[in-house]
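# Examining the three-dimensional arrangement
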Amino acid sequence: MRALGQKSCASFSELGALFAVSDTSEALAAEMSLQYDVPSFDYDTVLASECDGVVIAAPASSSDLAIRAFASGKHVFVEKPLAITLNEADKMIAMGQKTGRHLMVGHLMQYHPVFVRLQEMVRQGELGQLQYVYSNRLSLGKVRAEEDVIWSFAPHDISMILSLTGQNVKSVRCEASSSLQAGISDTASLHIGFEGGLNGHVYCSWMHPYKRAKTGGYRLFRDGRI
């Protein structure tokens, strides 16, 4: 269970919707069970239970957990990212459609009141015409071994940029570096070009000396001023 999974436990408990917890670590499962006063089950027992849906907070390569949940008739909420490959994502979407169950990804920033208001301002033209959008997501850790910083940090920012632009992606370029683990990127810059001419940029790092999450951009006002 990742840290986000523990936050999900807290959120669903507050909503009165937490049915049970499950984790490969028996100690962590027992701790969460005691903290939130719900039973601890193995995953097979969860799938056989009467609960309506499951929240999957596991390494991003664990798409099989979602497939099995759909096959058991459960709705599925997956902590971002949805999957590591397009093939895995397509299989999850297809299985949800086949079983008539909902699939939702935890892009939490989509529902933040500030971002919702920002979307409204952009759509209503209050900010003029967007030309460039950037986002920085920086922190000192948590360093992961199952996925790199792109998969761990960037999905929130990419999700917000796509929502703000409303344009199809034309090109994507990524530059990344690995310092701590071979093949696991610790810092990355993503450059996104859109068909409408707008450009987006995401910089993410889990080797930054302080934590920072910021989204901004340049816009063209109605009179042509930048």
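Refer to the structure above for everything that follows.
In what follows, the accompanying structure is described. (Residues numbered from 1 in each chain as written. Predicted model: local features only at pLDDT ≥ 70, side-chain atom pairs only at ≥ 80, totals over all residues. Heavy atoms only, no water.)

## Overview of the pairing of strand β2 (residues 75-78)
Rule in force here: When DSSP finds at least two bridges between two strands, those strands are taken to pair. By the criteria applied, helices consist of DSSP H or I runs no shorter than four residues and strands consist of E runs no shorter than two, each listed in order from the N terminus. By convention, orient the strands away from the viewer: a clockwise path from the first strand over the helix to the second makes the crossover right-handed.
The pairing of strand β1 (residues 53-56) with β2 spans four bridges and is parallel. In the sheet register, V54 faces β2, and the bridge partner there is V76. In this structure, β2 lies alongside strand β3 (residues 103-105), joined through three bridges in parallel fashion. Residue pairing in the sheet places V76 in a bridge with L103 of β3. As a crossover connection, the stretch from β2 through helix α5 (residues 86-99) into β3 is right-handed.

## Describing the layout of surface pockets
Stated formally: A cavity, in this analysis, means grid points on a 1 Å lattice covering only the protein atoms where a 1.4 Å probe fits yet has no way out; a pocket is instead an open set bounded by protein on both sides within 12 Å along at least five of seven lines, and a residue lines either one if it has an atom within 4 Å of a point. Grid points are joined across faces, edges and corners, and a volume is the space filled by probe spheres set on the points. Residue classes follow a fixed rule: Ala, Val, Leu, Ile, Met, Phe, Trp, Tyr, Cys and Pro count as nonpolar, while Asp, Glu, Lys and Arg count as charged, and any other residue, Gly among them, counts as polar.
Each pocket or cavity is described by its volume, and for the largest pocket that value is around 940 Å³. Taken together, 35 residues form the lining of the largest pocket, with S22, V54, V55, I56 and A57 sitting closest to its centre. Elements that contribute at least two residues to the lining of the largest pocket include exactly α1 (3-14), α3 (43-48) and β1. Its residues placed into classes, the lining of the largest pocket shows 21 nonpolar, six polar and eight charged.

## Things to note about empty space enclosed by the protein
In this approach a probe as big as a water molecule rolls over the atoms, and the regions it shows empty are the leftover space. Scanning all chains against the criterion turns up one cavity of 30 Å³ or more. Along its surface, the largest cavity is lined by I56, A58, P59, A60, S62, S63, A66, V78, E79, P81, L82 and M92. Here the lining of the largest cavity is composed, by residue class, of nine nonpolar, two polar and one charged.

## Let's talk about the packing of helix α4 (residues 63-71) against α5
When two helices pack together, their arrangement is given by the angle between their axes and by how far apart the axes lie. Stated precisely, the cut-off is as follows: The axes are straight lines fitted to the C-alpha atoms, using for helices just the contacting stretch, and the angles between their N-to-C directions are given from 0 to 180°. Working rule for angles: under 35 degrees goes down as roughly parallel, over 145 as roughly antiparallel, 65 to 115 as roughly perpendicular, anything else as oblique. Note on contacts: a residue pair is in contact if any heavy atoms of the two residues lie within 4.5 Å.
Relative orientation of the contacting elements α4 and α5 amounts to 10°, with a least axis distance of 9 Å. Between α4 and α5, the crossing angle belongs to the class labelled roughly parallel. In this structure, α4 uses S63, A66, I67, F70 and A71 to contact α5, whose residues at the interface are E88, K91, M92, M95, G96 and T99.

## Brief notes about unusual backbone geometry
Glycine aside, residues mostly have negative phi angles, and peptide bonds mostly take the trans form. Note the threshold: The classification of residues rests on relative accessible area computed with a 1.4 Å probe and restricted to protein chains. Under 20% of the type maximum is buried, over 50% is exposed, and intermediate values are partly exposed.
Residue P81 is reached from K80 by a cis peptide bond, and omega for that bond is -5°. Mapped onto the fold, P81 is located in the loop between β2 and α5. Cis rather than trans, the peptide bond between G141 and K142 has omega equal to -5°. Structurally, the position occupied by K142 is in the loop between β4 (129-140) and α7 (149-165). The backbone of D37 sits at a positive phi, close to 55°, despite the residue not being glycine. Tracing the sequence through the fold places D37 in the loop between α2 (26-36) and α3. For D37, a relative accessible area of 71% gives the class exposed.

So far we have only geometry, and geometry alone does not tell us how the molecule works.
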